[in-house]
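Understanding the architecture of this molecule
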Amino acid sequence: MTFDYDLFVIGAGSGGVRASRIAAGFGARVAVAEEYRIGGTCVIRGCVPKKLLVYASHFSEDFEAAKGFGWTVEGTSFDWKTLITRKDAEIDRLNGLYRQTLGNAGVETIEERAVVTGPNAVRVGDRTLTAKTILVAVGGWPQMPDVPGIEHAITSNEALHLEEQPKRIVIVGGGYIAVEFAGIFHGMGSEVIQLYRSEQILRGFDDDLRNRLADEMRKKGIDLRTNINVTNIEKTDGGVRLTLTDGSTLDADAVMYATGRVPNTKGLGLEEAGVELAPNGAIKVDAYGKTSVDSIYAVGDVTDRVQLTPVAIKEGHAFALTLYGNAPTSPEHDAVPSAVFSQPPIGTVGMTEQQARDQFGEVDVYESDFRPMKHTLGGATERAYTKLIVDKATDKVVGAHMIGMDAAEIIQGVGIAVKAGLTKAQFDATVAVHPSSAEEFVLMRTPRA
Ligand code: NDP
């Protein structure tokens, strides 16, 4: 049987673009369909615009710190519209680059929604197209709970495009997105109230990082409240009124929900085509990304394994190597470093202390709590903290964690060492870079009692 394409990719985000480009490089005839904008969540409404906003929001503290170094900083002001316009221009530029990269690689881009209609067929508009293999890389979408009045809430998607900066914003959730946006809006001068339904934010992270981030956020002036949730949202003149589980009410200009993301598989025709989905809509795949249908594969957030861009890229690349590069490759999901661009930021790789204790029993914990040098003259009270978790039996470093200035930049290098399975003795044998915060990772000598 002849097909229109060797590979039809649905979704031109991080995973889909990488898979398309590499597959085409191996000579495959590839088309990729995208219903919104080439680049996907990370480039268009995730990591990239978020990080630009994080940079923007940090200037308020930087101006303060500058005074401690002899600078006179006067008459600063912030204009939300300017930032959003400039951020949008940068996203447009990246969107263009992605389109160009696909074109240069010989991939046909179809900027329309595609729906699976069979093991080798998709429908785009009123056309049916066939492919030997279909790759689903449609990512995820924010989910919001079923609270009365939830239609008045926004998600991070809308937060990136608000006409006006909210003077007072409530953020619901305690995950990556909630803490990152709490820091963004606070740094820009908004009053931020963050509501989290359980005991402590950032569930799944090492407890020391969770506790320290909560403390630092509160110290900066974010009103972080735990064990609380929203029961009702009402529209008011120019804002919202929230009723909380303790019966109190809160007025704000906006309420943003960051309560997780779900796989984007609704109405995609997958179940009809025989593709098995998990109860939350995630596509079930094997180690090579193959679904329950031999000709249909999936990578990235839609598989709900590790919801991170670089992981989706690795999965997309591995898929292309496996099918078109004659090199079966199964992407690894262990020791994945990641960062939370909270303020202060977090960098983490490997196991939390609790996970390591559960798995190995006896572990040594090394930690260092210090004031980053910049803050000595800069005057900020923010502290930094590094932590290594070592399996006592093998001396292997099984987890490395940091909260503090530059943690995201620092953890990448430490991630190589943890991924390589290096021992604490090998960390100790490494010469420090001085003066830096990163050097703490090779200087901690005495385990916590
Ligand atoms: P997360 O899954 O990280 O966090 C969701 C949060 O919402 C949790 O605190 C959760 O609480 C809470 N929550 C869930 N349901 C409800 C509810 N019904 N009422 C109140 N609170 C609720 O999701 P995010 O939306 O923050 O981010 C989605 C994914 O995007 C992340 O998993 C991450 O992988 C990725 N991401 C990565 C970033 C990075 O690498 N820097 C940045 C942003 C996103 P509980 O803990 O009690 O379940």
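Residues numbered from 1 in each chain as written. Predicted model: local features only at pLDDT ≥ 70, side-chain atom pairs only at ≥ 80, totals over all residues. Heavy atoms only, no water.

1. Description of the pattern of salt bridges
Here the structure, examined in full by the defined rule, presents 35 salt bridges. Where Glu-367 meets Arg-448, a salt bridge forms, and the shortest distance between an N and an O atom there is 3.2 Å. Highlighted residues: Glu-367 in strand S19 (residues 363-370) and Arg-448 in the segment after helix H13 (440-443), separated in sequence by 81 residues. Residue Glu-367 is classed as partly exposed on the basis of its relative accessible area, which comes to 32%. For Arg-448, a relative accessible area of 33% puts it in the partly exposed group. Salt bridges sharing partners connect three or more residues here, namely Asp-206, Asp-208, Glu-353, Arg-357, Glu-367, Lys-387 and Arg-448. (Salt bridge = Lys/Arg side-chain N within 4 Å of Asp/Glu carboxyl O. Helix = DSSP H or I, 4+ residues; strand = E, 2+ residues; numbered from the N terminus. Buried < 20%, exposed > 50% of the residue type's maximum accessible area, 1.4 Å probe, protein only.)

2. Quick word on helix H11 (residues 407-419)
Over its 13 residues, H11 extends 17 Å from the first C-alpha to the last, a length consistent with the 18 Å expected when each residue adds 1.5 Å. Of all the bends in H11, the greatest, near 30°, is centred on Gly-413. Of the residues making up H11, those classed as buried are Ala-407, Ala-408, Ile-410, Ile-411, Val-414, Gly-415, Ala-417 and Val-418. Along its buried surface, H11 packs onto strand S17 (338-340), strand S18 (346-350), strand S21 (397-403), helix H12 (424-428) and H13. (Expected span 1.5 Å × (residues − 1). Bend = angle between axes of the 7 residues up to and from the residue. Contact = heavy atoms within 4.5 Å.)

3. Description of the side chain of Asp-301
Along the polypeptide, Asp-301 turns up in the loop between strand S16 (296-298) and helix H8 (309-324). Buried charge without a salt bridge: Asp-301, with Arg-261 as the nearest opposite-charge side chain at an N-O distance of 4.6 Å. (Lys, Arg positive; Asp, Glu negative; His and termini not counted.)

4. Thoughts on the site of the ligand
Around the ligand, the surrounding shell holds 21 residues, and the nearest of these are Gly-174, Tyr-196, Arg-203, Gln-307 and Ala-339. At 3.0 Å from an oxygen atom of the ligand is found a main-chain nitrogen or oxygen belonging to Gly-260. In the complex, 79% of the free accessible area of the ligand, which totals 910 Å², lies under the protein chains. The element contributing the most residues to the shell around the ligand is helix H6 (residues 176-187), with three residues. Per-class residue counts for the shell around the ligand are eight nonpolar, eight polar and five charged. (Near = heavy atom within 4 Å. Polar contact = N/O pair within 3.5 Å; in protein donor to acceptor, adjacent residues only side chain to side chain. Areas by Shrake-Rupley, 256 points an atom, 1.4 Å probe, with all protein chains shown as cover. Nonpolar A, V, L, I, M, F, W, Y, C, P; charged D, E, K, R; others polar.)

5. Here's the deal with a nonpolar patch on the surface
There is a patch of nonpolar side chains on the surface, built from Phe-69, Trp-71 and Leu-377 and spanning about 380 Å² of accessible area. Among the structural elements, Trp-71 can be located in the loop between helix H3 (47-68) and helix H4 (80-104). (Patch = residues over 30% accessible without salt bridge, like charges linked within 9 Å, V, L, I, M, F, W, Y side chains within 5 Å.)

6. A word on the sheet that holds strand S11 (residues 230-236)
Within a sheet, neighbouring strands are paired by backbone hydrogen bonds and run either parallel or antiparallel to one another. The sheet built from three strands is open, its strands ordered S11-S12-S13 with antiparallel pairing. The open sheet terminates on both sides in strands that have one partner only, identified here as S11 and strand S13 (249-252). Strand after strand, the sheet turns through a mean of 20° between neighbouring axes, direction not considered. Direction of pairing for S11 relative to strand S12 (residues 239-244): antiparallel, over a ladder of six bridges. (Pairing = 2+ DSSP bridges. Axes fitted to C-alpha atoms, helices over the stretch in contact; angles between N-to-C directions.)

7. Notes on the pairing of S12
The hairpin formed by S11 and S12 contains two residues between the paired strands, and Gly-238 there has a positive phi angle of roughly 75°. Linking S12 to S13, which pair antiparallel, is a turn of four residues; within it Gly-247 sits at a positive phi near 90°.

8. Some remarks on the packing of aromatic side chains
The full count for this structure, using the stated rule, is seven aromatic pairs. Centre to centre, the rings of Phe-59 and Phe-63 are 6.0 Å apart; their planes meet at 40°, and the pair counts as tilted. You can see Phe-59 and its partner Phe-63 sitting in helix H3, four residues apart, about one turn around the helix. Note on Phe-63: relative accessible area 32%, which makes it partly exposed. (Phe/Tyr/Trp six-rings, centres within 6.5 Å; stacked < 30°, edge-to-face > 60°.)

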